[in-house]
Amino acid sequence: MTPTLRALLCLGLSVVLRTPVQAGDVPKPSIWADPGPIVTNGSPVTIWCQGSLQASAYVLYKERGSEPVDTRIPQDSSNKASFLIENTTQSHAGLYQCAYYTTGNILSERSDPLLLVVTGVYGAPSLSAQPSPVVASGKTVSLSCSSNLTSGLFHLLKEGRADPPRHMEANFRTYDERWRAIFPLGPVSTSHGGTYRCYGSSSTYPNLWSQPSAPLHIEITGEGQTPVQPHLFPGPKMTVLCVHWGPEVIRVRSLLSRFCAFTSAQCLCAHRSIMALFREFSGHIPVYKHMI
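Presented here is an overview of the structure given in this document.

Conventions adopted
Residues numbered from 1 in each chain as written. Predicted model: local features only at pLDDT ≥ 70, side-chain atom pairs only at ≥ 80, totals over all residues. Heavy atoms only, no water. Helix = DSSP H or I, 4+ residues; strand = E, 2+ residues; numbered from the N terminus. Buried < 20%, exposed > 50% of the residue type's maximum accessible area, 1.4 Å probe, protein only. Contact = heavy atoms within 4.5 Å. Areas by Shrake-Rupley, 256 points an atom, 1.4 Å probe, with all protein chains shown as cover. Pairing = 2+ DSSP bridges. Axes fitted to C-alpha atoms, helices over the stretch in contact; angles between N-to-C directions.

1. Quick look at the overall build of the chain
(1) Moving on: For the chain, the count of helices and strands is 3 helices and 24 strands.
(2) Moving on: Going through the 292 residues of the chain one by one, you find that 37% of them count as buried.
(3) Moving on: Counted over contacts in the chain with a minimum sequence separation of 6, partners at least 24 positions apart contribute 65%.
(4) Moving on: In the form shown here, the chain has an accessible surface area of approximately 16500 Å², with 55% of it arising from carbon and sulfur atoms.

Okay, structure coming up:
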């Protein structure tokens, strides 16, 4: 065998080994993030790719690129591999896919895309419910997310649910110079009850989100439910505020907390001096009031 022929054969063998054969009946892998695809800036996250027991290597792609960004060899005859990101940064946000090699250098089809979102990039927006966070079954409520920092999109999530986030484009309000998006809920049922948070992002970088808003609890009540009877305390002329609420003890901000701590079994009786403070919260707490 001449040196030239030997060189050509080696080159051909090298090309065969490095050129993957496209998948035929090789199953498509699945991809997911642990603890989840919405990650706080600086926190760890693991991307998992699950394929086949016959897999010899797993590869990870980002933003549908042609070359993998990482490769893992499965351990202990496992049918999956992990890609750990120890310290998530803004550069890690984006779309990921994975694939795997099997015997014969066959490359599987790529997984469905996984969107990794990084939060904590901007300051937190505010979230409120109109007309109230306590909603009768069958009625509607609007969740308002607003910020003076982010001007692109707002994202609404419900805690403890696997439902995907809802997204809404922000609109600018000239009277208070804030960006706002309204998320309608309803007609509501008990499944709509729970705790919600919202995030903001820019239009340029929609996968980089703000810090989360303060939690907002939505309570769904039955039809025909009436408020509890007022419980009166002795004292001078007072305004009686009768509040129907959930089982949690509620404290309305620091200025009002010394007057106001109540549950669904209580009504608040407060001096008229706090009424100016209460007007700020009248859109958030269902109130029945009269003078005595």
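Picking up after the structure, the text goes on.
2. Looking at the sheet that holds strand S12 (residues 134-136)
(1) Moving on: Pairing in this open sheet of 5 strands is mixed, and the strands run S12-S19-S18-S14-S15 from one edge to the other. A strand with exactly one partner marks an edge of an open sheet, and here the two such strands are S12 and strand S15 (166-169). Each strand of the sheet is rotated relative to its neighbour by a mean of 30°, with strand direction disregarded.
(2) Moving on: Relative to strand S19 (residues 216-221), strand S18 (residues 194-201) runs antiparallel, the two being bridged by 3 bridges. Bridging across to S19, Thr195 finds its partner in His217.

3. Points about the sheet that holds strand S2 (residues 30-34)
(1) Moving on: Read across the open sheet, the 3 strands follow the order S2-S4-S7; overall the sheet is antiparallel. Where the open sheet ends on each side, the last strands, each with one partner, are S2 and strand S7 (80-85). Going across the sheet, the axis of each strand differs from the next one's by a mean of 20°, ignoring polarity.
(2) Moving on: Two elements, strand S4 (residues 45-50) and S7, share 6 bridges in a ladder whose sense is antiparallel. If you follow Val45 over to S7, its bridge partner there is Ile85.

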